[in-house]
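# Descriptive analysis of the structure
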Amino acid sequence: MSYLKGEGMTGGYGGADILHDCSISVDKGEIAVIVGPNGAGKSTAMKALFGMLNLREGAVTLGETDVTHLTPQARVEAGMSFVPQVRNVFPTMSVEENLEMGGVLRDGPLTETIEEVYELFPALREKRHQHAGELSGGQRQQVAVGRALMTRPKLLMLDEPTAGVSPVVMDELFDRIIEVARTGIAILMVEQNARQALEIADKGYVLVQGSNRFTDTGAALLADPDVRKSFLGG
Amino acid sequence: MKTLRNPFFLFGAYGVCLVLIALLQSVQLALGILGLGLISAIMALGINIQWGYAGLLNIGAMGFAAIGGATAVWVAADPVPAAWSAGGADLLLALFVVLGAVVIILVLNRVMPSSAFQKICTLAVGLLAFVIARPLFGKAVEAIEAVDPALSGYLGGLGAPILLSWMIGALVAAGAAWVIGKIALGLRADYLAIATLGIAEIVVAILKHEDWLTRGVKNVVGLPRPVPYEVDLVEMPWVLSLSNTLGTSADDMAAILVRLSYCVLFAVVLLALLWLSEVALRAPWGRMMRAIRDNEVAARAMGKNVTKLHLRVFILGSAVVAMAGAMLVTLDGQFTPGTYQPLRFTFLIWIMVIIGGSGNNWGALLGGLVIWMFWVEAEPIGLAIVSLLVAVLPEGNEIRDHILGNAAQMRLALMGALLLLALRFTPRGLIPERQVDTRGR
Amino acid sequence: MQDYANAALLLTNYLVVPGIAYGCQLALGALGVTLIFSVLRFSNFAHGELMSAGTMFAIFATWGFQAMGLSFGPVPTALVALPFAILASIAVVLLTDKAIYRFYRIKRSDPVILLIVSIGVMFVMAGLIRFLIGPDDRTFNDGARFILKAREVKDYLGLSEGVTIKTSQAITVLVASIAAGLLFWFLEKTKTGKMMRAFSDNEDLALLSGINPERIVKLAWVLAAVLATIAGTLYGLDKSYKPFVFQQLLLPIFAAAIVGGLGNPLGAVIGGFVIAFSEVALTYAYTKFLAYTLPPAWVPDGLVQFLPTDYKFAISFVILVLILLYRPTGILRGKTL
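This structure is a prediction, so every number in the text was calculated from the model and none was measured.

With that out of the way, let us pick up the interface of chain C and chain B. Contacts between chain C and chain B engage 36 residues on the former and 32 residues on the latter. Contributions of two or more residues to the side of chain C that touches chain B are made by helix H3 (77-106), helix H4 (111-133), helix H10 (245-260) and helix H13 (312-326) of chain C.

Rendered as structure tokens:
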């Protein structure tokens, strides 16, 4: 029984359905990656899991609770956390304030958690008083991930965290994400850089036109000739 | 509900109300309401072209109406040769200096590379022009305003037929709109709103304070009419016989005839504009404008020069408003800058457009007619209601006096409430825009 | 040398002191406009009338105190009445928000629609205010008139020019500094203030972080009401209270907010002073100043004035236009669409 489970999700943004009977699950301490061609509904699946889209059919459960009808805000309180692909920091606020905003839902001091984020991303400690909008792309992603970790989530969802960053920065970011997963947090991400992402994934989902096409461990998908040919460019 | 939304029913109801006013109050009042209603409808049409077609927020209708009104003075008032000989030369010289400076600055900006030195030169030329022109201008103004101040004290007009000013007023306003549009279009929608609000206030301030131009708050009265005068009409045998047959006095008959002829003139202009607007709305141009309004990003992506098209619409709409402004001064026979109030000339027009139905020319027409009638009749009706309400209070009571004394102010609140109610409950207006799918799917 | 000292005193008296006081009043007004803009994302045209309403409440409370025979020595009664006026204004904005603006917020209407709605609110408020207090001009400053009189300065320095500082001007600077200081402290240092900035910075992310939007919106209205009431009352104390003035104040206030960078609080303050000083400096007649500083033969006769005072508000407009042309996002960068 996985920690987060979306089963038979079907729905769209009011018009035609984008997701068709799509199922995705991830367990604590695990990294699950959603890959697929453009327009496959990867981000939509993510939004469906986070309640930013109305499902016609299907259910989403988190641990023992059914969260299908909760608002995104309520899901944050339930232990989910989401890093959007773009506009994922508060640009005119300092790095530290960004982190504080991640933790507004929590009572009590945040210093300890902020310290943990700085441990994870040491570069942010140096830039703590700089505006997030002035940081480089990679550091901005670190702020975005850091902000999402401030709620001490049990599940962290990332929408294309490496979009537009250099390969070096991408590797670095993936290393950090592995570190986060080792602390027992479930990680679910959508990725364009399918090969690199599957390399670190415990579980991979290949979506095509809103449905599951292949589901396996990351390594198995990388080894699968069909997947390689159609989605990983040979 | 469906019949209530039928345009024929709505216009019919307006007609019935007008007849009731004619019977209960007076024919002259009814025709007066109709005349001003037609002018209001033209203004509403102008604002509708901007807001309804293109989503441009012009809250400076007052300024354009005032420009039109001032043009009526410049076109139709008698020239004052004495004023021209007293200060004309200096005034033209000052104007020449300013124009020269503008030309020099434009040339400088074109020839010289953009640099701090260029900016300093621009500033220096501007300052020099100011230093030279300002005393010349001051002297000219003093001389002009000294010429028979009780009667003229201004440059006067061309002495041409006042009907010409309807066209010329529109042209002058088009020029002003071009300048404003160049600056404020293409920026946030709010900025256009604030810019038009500001320019309207400035136009009215200039017309109020520059006595040499339009006599300022001393007003220009007795502008020539495009229709016969009552005193001449009562002499005409056919008027006398007509009044005999209808059983009215000759004076009343003449007054009715004058108002009627104004109404006919206004109606002709209104129908012509309405026809043009409808043709434009149905033409590919109109479809494109609405497509841009509904999805500006997509239109830009398709390579449309949105800002340029918006500028055209802005100019057109402002010209129509100014034309109505000139017509209003023609009807009044006088130009009184003090009467230009934002409530009456900007927001009332907006209420007309929104209640009538933004994006629909017939809606703007209906809104103009109906809201003007409401505006005129709201005062006596409102006053009657207030008097009834305070009747429970004894005569001489302080609160009663206060309420009666300030009741007129409630008109402001009423019109605001009307706008809010319309926005909330019939956001698409009495005659909604015909739904054409402009998204092009 | 004495001439230059006189010239400096002259400018201080007629430019600097009134400019600072007016700048404070505009800055407070512009802060309110900018706050509503950054949180609710529309230009609130009813803000001028909100200032007017706040001032009216302050006047009513002043009359109440006076009727009770209370007086506070050199301090104007209106200053003591201010908290009551603020409470009344807060009630007004929260009610307006609930009855009117909230509907469009839930519908996620275009900001332009909200702008038109605010125009409707502006007229309703203007009508009610004029109905309640009447359209006349009112002076309600019952405190000490002056802190520093020109005569005293002249005698003390032995010069022919002096500097007058009205109590209302000193109070304006003091109260405005405290209010602006508290506002900046709130926005920069408190958790709620930071949440407000976060909401203004990136609404979607603020929602994802669990920030309650309705709370932020309510707070923005409360702050706007507080600032508007203070700004209006200070303006009324310094000059006088005339309901229709506030419609004209709208232009300099918006100009201040836009010039500084719409949505940027610090920009609103800077914009307020830019507009105030330009207005005062360009409508001031420099004849006497030139008489002090230039050789007698060079002194021009007649008023040396850039613009007659009748065109005061045209200045804010021209500055606005220049900024829109050269730096559409304002001096400090504000939001653009």
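Still more ground to cover, so stick around.
Moving on, we come to the confidence of the model for chain C. All names here are of chain C. Of all residues in chain C, 98% attain a pLDDT of 70 or more, and the chain-wide mean is 90. Element-level mean pLDDT values for chain C span from 83 in H13 up to 96 in helix H9 (residues 213-238). Under the prediction, the complex receives an ipTM of 0.89, its pTM being 0.89.

So, on to the sheet that holds strand S6 (residues 80-83) of chain A. Each strand in a sheet pairs with its neighbour through backbone hydrogen bonds, running either in the same direction (parallel) or in the opposite one (antiparallel). Residues and elements named next belong to chain A. Taken in spatial order, the six strands line up as S6-S7-S8-S3-S9-S10 in an open sheet, and their pairing is mixed. Sheet topology places S6 and strand S10 (211-216) at the edges, where each strand pairs with a single neighbour. For this sheet, the mean inter-axis angle between neighbouring strands, taken without regard to orientation, is 15°. Examined bridge by bridge, strand S3 (residues 31-35) and strand S8 (residues 186-190) share four bridges and lie parallel to one another. The residue of S8 that forms the bridge with Ile 31 is Ile 187. Of the strands in this sheet, S3, S6, strand S7 (155-159), S8 and strand S9 (203-208) touch helix H1 (residues 42-50), which is tilted by about 150° from S7.

Counting from both sides, the interface comprises 14 residues of chain C and, opposite them, 18 residues of chain A. Those elements that place two or more of their residues in the side of chain C that touches chain A are helix H7 (191-201) and helix H8 (203-208) of chain C. Sorting elements by how many residues they give to the side of chain C that touches chain A places H7 of chain C first, with six residues. For the side of chain C that touches chain A, the residue count by class is six nonpolar, three polar and five charged.

The next point concerns the environment of Val 239 of chain B. Residues and elements named next belong to chain B. Mapped onto the fold, Val 239 is located in helix H10 (residues 237-246). Taking the C-alpha atoms as reference, Val 239 lies 8.8 Å from Leu 257; in sequence the two are 18 residues apart. Residues contacting Val 239, with those up to four places away along its chain left out, are Leu 233, Val 234, Ala 250, Met 253, Ala 254 and Leu 257.

Conventions we followed
- Numbering of residues starts from 1 in every chain and runs along the sequence as written.
- Ligands are numbered from 1 and chains lettered from A, in the order in which they are written.
- Thresholds applied to this predicted model are a pLDDT of at least 70 for local features of residues and 80 or more for the giving and counting of side-chain atom pairs; totals over whole chains, interfaces and linings are not thresholded and use all residues.
- Contact between two residues is assigned when their C-beta atoms, built from the backbone, lie within 7 Å.
- Where helices and strands are cited, they refer to DSSP runs of H or I of at least four residues and of E of at least two residues respectively, numbered from the N terminus.
- As a per-residue quantity, pLDDT reports the predictor's confidence and falls between 0 and 100.
- In short, DSSP must find at least two bridges between two strands for them to pair.
- In this analysis an axis means a line fitted to C-alpha atoms, helices contributing only their contacting stretch, and an angle means the value between N-to-C directions, from 0 to 180 degrees.
- When residues are grouped by polarity, Ala, Val, Leu, Ile, Met, Phe, Trp, Tyr, Cys and Pro land in nonpolar, Asp, Glu, Lys and Arg in charged, and all others, Gly among them, in polar.

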